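Residue-level structural notes
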Amino acid sequence: MLRVRCLRGGSRGAEAAHLIGAMVGRAVSGWVSRAFRSTSSSAAAQLPLTVDEPVTDHAPEECPVCAYNEWDPLEEVIVGRAENACVPPFTVEVKANTYEKYWPFYQQYGGQTFPKDHVKKAVAEIEEMCNILQHEGVTVRRPEPIDWSLEYKTPDFTSTGMYAAMPRDILIVVGNEIIEAPMAWRARFFEYRAYRPLIKEYFRRGAKWTTAPKPTMSDELYDQDYPIRTVEDRHKLAAQGKFVTTEFEPCFDAADFIRAGTDIFVQRSQVTNFMGIEWMRRHLSPTYKIHIISFKDPNPMHIDATFNIIGPGLVLSNPDRPCRQIDMFKKAGWTVVTPPTPLIPDNHPLWMSSKWLSMNVLMLDEKRVMVDANEMTIQKMFENLGINTIKVNIRHANSLGGGFHCWTTDVRRRGSLRSYFL
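The structure displayed is predicted, hence computed values, not measured ones.

1. Comments concerning the nonpolar core
Grouped together as the largest cluster of nonpolar side chains are 99 residues, with contacts concentrated most on Phe114, Met129, Leu133, Met370, Leu400 and Trp407. If one sorts the elements of this core by residue count, helix α5 (residues 116-135) sits on top with eight residues. Beyond its immediate chain neighbours, meaning those up to four positions away, Met370 contacts Met129, Ile132, Leu133, Val361, Leu362, Ile390, Val392 and Phe404. The next biggest cluster of nonpolar side chains, apart from the first, holds 30 residues, and it includes Ile303, Met359, Met363 and Val369.

Below you can see the structure in the form of structure tokens.
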């Protein structure tokens, strides 16, 4: 029997041709040659299955995983957990991604839980966020609670864990495929474990599942002498294109990629190297094109509080981190919107991020956006754009490193594959 990849919403054009070619190739080459050519995800499909956990062929409309962009109507989403969140050990890659005013915090509490009262408030905020998403008609799924304080050891390093708060960092959905990112922080090496029950469920129901090559995270992956001491150092190194991660092996966080149909944009950052970008380019070619863009950013890590695509040809561009390639978007007819200065007070702890989480919003569709209840100016900006705001307070959750986009991974959006760029 010819096994057909699960599609949704009438995929067409290049992807359709690519899929048809793939199916014919599989049919002609047969089971033996396919075994030799299989990727990690297809190889997993050939493993023996237990009677109570069958993998079955499904009609296209049953596929649980399908998203092509950041704004089609949201139907199902994974929302992270703040429970048991731990401060990562103060290693060189953590130092390069955190602001120096918080370095004493990491030096004192690395390997321990974040302040319990703060985490308790963050948990309550995210629970309310889930309730609101469900009220808006979105199915909400959650990762497993795990004890992240346990120490683990590989042949190359020893560390404790961090959290499963930011599914956007580790999972990206491209079409009907869910891709696990390899990550770049040692404290996040085993973060995938919290999501595996969900991903296995999606796989059994017909989704494609790929795990990117897991880096060893040995010392060679990091510039152990990365010369960061001050903010001035950050600006100088960023201008020179120098990062704490080397090109020793592929690494990337999924949150450095942002989707717009057949075009996916990515930045080289402290956690995403060129080898990781090239792995994604080859993996998704020829259906999808990967575009590398860059910003005047002293601390590049995750693209969605710098360049957040919120609609077809509509992007929020951080005025403090201007895009060096912005003209190519304007020439393509895109509307570039500059969000207002965030209102979050200076005394609110942001241990792992900047104030620009105000623009780290989640689109429920082209006309609905989930935005911080405290950020009145950006609410007004969206209203002027004709977009209704769903106001939710996650200020304590912000302290753990993310806004609404970070705290979620969209599993299913109702739409089809299109080109919105060039």
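Once you've had a look at it, read on.
2. Section: helix α8 (residues 231-239)
For α8, the full list of buried residues reads Asp233, Arg234, Leu237 and Ala238. The buried residues of α8 occupy an angular sector of 125 degrees when projected down its axis, which confines them to one face. Exposed side of α8, more than 90 degrees from the buried face: Glu232, Lys236 and Ala239 are the residues found there.

3. Focus on the pattern of salt bridges
The full count for this structure, using the stated rule, is 26 salt bridges. Linking Arg259 and Asp410 is a salt bridge whose minimum nitrogen-to-oxygen distance equals 2.5 Å. Here Asp410 lies in strand β17 (residues 408-413) and Arg259 lies in strand β8 (residues 257-260), a separation of 151 residues in the sequence. Residue classification places Asp410 among the buried residues on the basis of a relative accessible area of 1%.

4. A short note on helix α9 (residues 274-284)
Taken together, the buried positions of α9 are occupied by Gly276, Ile277, Met280 and Leu284. Along α9, the residues classed as buried sweep out an arc of 100 degrees about the axis, all on the same side. Turning to α9, the residues buried within the fold contact β5 (171-174), β6 (177-180), β8, β9 (263-266) and β10 (289-292).

5. Topic: the packing of aromatic side chains
What describes a pair of aromatic rings is the distance from one ring centre to the other and the angle between the planes of the rings. Throughout the structure, instances matching the rule amount to 24 aromatic pairs. A ring pair is formed by Phe114 and Trp351, whose centres lie 5.4 Å apart and whose planes are at 35 degrees; its orientation type is tilted. Highlighted residues: Phe114 in the loop between α4 (103-109) and α5 and Trp351 in the loop between β13 (335-337) and β14 (362-365), separated in sequence by 237 residues. What makes Phe114 buried here is its relative accessible area of 1%. When the ring of Phe265 is compared with that of Trp334, the centres are 6.0 Å apart and the planes differ by 80 degrees; the resulting orientation is edge-to-face. Of this pair, Phe265 sits in strand β9 while Trp334 sits in the loop between α10 (326-331) and β13, and the two are 69 residues apart along the sequence.

Each value, and the rule that gives it
- Residues numbered from 1 in each chain as written.
- Predicted model: local features only at pLDDT ≥ 70, side-chain atom pairs only at ≥ 80, totals over all residues.
- Heavy atoms only, no water.
- Core = buried A, V, L, I, M, F, W, Y, C linked by side-chain atoms within 4.5 Å.
- Buried < 20%, exposed > 50% of the residue type's maximum accessible area, 1.4 Å probe, protein only.
- Helix = DSSP H or I, 4+ residues; strand = E, 2+ residues; numbered from the N terminus.
- Contact = heavy atoms within 4.5 Å.
- Arc of directions from axis to C-beta.
- Salt bridge = Lys/Arg side-chain N within 4 Å of Asp/Glu carboxyl O.
- Phe/Tyr/Trp six-rings, centres within 6.5 Å; stacked < 30°, edge-to-face > 60°.

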